[in-house]
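Coordinate inspection notes
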Amino acid sequence: MSHDIAAEIRRLHSELPEGVRLVAVSKFHPAEAIREAYDAGQRLFGESRVNELLEKEAVLPSDINWHFIGHLQTNKVRRLMGKVSMIESVDTERLLELIDSESRRAGVLTRVLMQVHVAQEETKFGFSPEEVIDYFSRHAFCTLTNTHICGVMGMASNTDDMERVRADFSAIADVFTRVRQICGDELLGFDVISMGMSGDWPIAVAEGSNLVRVGTAIFGERQYI
Ligand SMILES: *Cc1c(COP(=O)(O)O)cnc(C)c1O
């Protein structure tokens, strides 16, 4: 069944509360599908692979904002510099420092989120809540020159247990709140909580998300080939 991408984009924008932004997750979908969403007014897209993002970025309108949302290998950081408006999936301090040095080298400022890992299983990527708190307690971000940490990103456990999902989102939002308490005015522009996907974004928004990343509900099922 083909998806009415424009209708799904419009529906999501009408359902999302004011102040909650939508990342249309276009991974594994062709540039033509992105173009349909673009023509419906969507300008913010998420991709999880560097090659795929760069191929699409090259052929699509330049006023698209790309968010990188996948696991980023250190040897691919350089290629993303200046191409993305945000890297949401920073999962180690080493990667953060590398993004900073590569941003300096390229003469750009890179906006990032720290990926927080709270879910029970699967993806092993992300900082633990304790690691994030420790990073900010040490004020380690003060050494960054070309990287702006804008907030946190996280995923809930992949389960039908909606109370578990809610608890995971609540734990991610709690990390965000604690960082703000620890750093106060020293940390400017730390205001993004990215959580919620096709199956759970209403719960994420109820728990404080202001950036949802929705793929399947817009573009249909992905064909992994
Ligand atoms: C694929 C992906 C999404 C979108 O998931 P859907 O269930 O298709 O909405 C959101 N966030 C991340 C990090 C992803 O990798």
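This next bit is on the site of the ligand. The full set of residues close to the ligand is Val25, Lys27, Ile69, Met155, Met197, Ser198, Arg213, Val214, Gly215, Thr216 and Arg222. Thr216 has a polar side-chain atom sitting 2.5 Å from an oxygen atom of the ligand. With the chains in place, 88% of the 390 Å² that the ligand exposes on its own is no longer accessible. For the shell around the ligand, the class distribution of residues is five nonpolar, three polar and three charged.

Okay, the environment of Lys124 next. Here Lys124 shows up in the loop between strand 5 (110–116) and helix 6 (129–137). On the basis of relative accessible area, Lys124 is assigned to the exposed category, the value being 65%. Put simply, Lys124 and Ala140 are 16 residues apart on the chain and 23 Å apart in space, counted from C-alpha to C-alpha.

All right, on to the pattern of salt bridges then. Within this structure, the stated rule accounts for 14 salt bridges. Between Glu47 and Lys56 there is a salt bridge whose closest N-O contact spans 2.8 Å. Residues Glu47 and Lys56 agree in their burial class; the two are buried. A salt bridge links Asp174 to Arg178, with the nearest nitrogen and oxygen atoms 4.0 Å apart. Residue Asp174 and its partner Arg178 are located together in helix 7 (residues 162–183), separated by four residues, close to a single helical turn. A relative accessible area of 35% places Arg178 in the partly exposed class. One continuous salt-bridge network, built from bridges that share partners, spans Glu8, Arg11 and Glu15.

With that out of the way, let us pick up the packing of helix 6 against helix 7. At a closest axis distance of 9 Å, the pairing of helix 6 and helix 7 adopts a crossing angle of 15 degrees. Between helix 6 and helix 7, the angle is such that the two are roughly parallel. Here helix 6 runs over helix 7; the crossing is right-handed. Residue-level inspection shows Pro129, Val132, Ile133, Phe136 and Ser137 of helix 6 in contact with helix 7, the latter providing Val175, Arg178, Val179, Ile182 and Cys183. A per-class count over the contact of helix 6 with helix 7 returns eight nonpolar, one polar and one charged.

So, about unusual backbone geometry. With a phi close to 70 degrees, Phe28 is a non-glycine residue in the positive phi region. Within the secondary structure layout, Phe28 lies in the loop between strand 1 (21–25) and helix 2 (31–39). Of note, the phi angle at His139 is positive, near 55 degrees, even though the residue is not glycine. Turning to its location among the elements, His139 is positioned in the loop between helix 6 and strand 6 (147–154).

Here we take up the pairing of strand 4 (residues 86–90). In regular strands, side chains alternate between the two faces of the sheet. The buried count for strand 4 comes to five of five residues, which makes it a mostly enclosed element. Direction of pairing for strand 3 (residues 65–68) relative to strand 4: parallel, over a ladder of two bridges. If you follow Phe68 over to strand 4, its bridge partner there is Ile87. The pairing of strand 4 with strand 5 spans two bridges and is parallel. From the neighbouring strand, Ile87 faces strand 5, where its bridge partner is Val112. Each parallel crossover has a hand, and the one from strand 4 via helix 5 (residues 93–106) to strand 5 is right-handed.

Here is what the cut-offs are and how they apply
- Residues numbered from 1 in each chain as written.
- Predicted model: local features only at pLDDT ≥ 70, side-chain atom pairs only at ≥ 80, totals over all residues.
- Heavy atoms only, no water.
- Near = heavy atom within 4 Å.
- Polar contact = N/O pair within 3.5 Å; in protein donor to acceptor, adjacent residues only side chain to side chain.
- Areas by Shrake-Rupley, 256 points an atom, 1.4 Å probe, with all protein chains shown as cover.
- Nonpolar A, V, L, I, M, F, W, Y, C, P; charged D, E, K, R; others polar.
- Helix = DSSP H or I, 4+ residues; strand = E, 2+ residues; numbered from the N terminus.
- Buried < 20%, exposed > 50% of the residue type's maximum accessible area, 1.4 Å probe, protein only.
- Salt bridge = Lys/Arg side-chain N within 4 Å of Asp/Glu carboxyl O.
- Axes fitted to C-alpha atoms, helices over the stretch in contact; angles between N-to-C directions.
- Parallel < 35°, antiparallel > 145°, perpendicular 65-115°, else oblique.
- Left-handed = near helix turned anticlockwise from the far one by under 90°.
- Contact = heavy atoms within 4.5 Å.
- Pairing = 2+ DSSP bridges.
- Right-handed = clockwise from strand over helix to strand, strands pointing away.

Keep in mind these values describe shape, not function.
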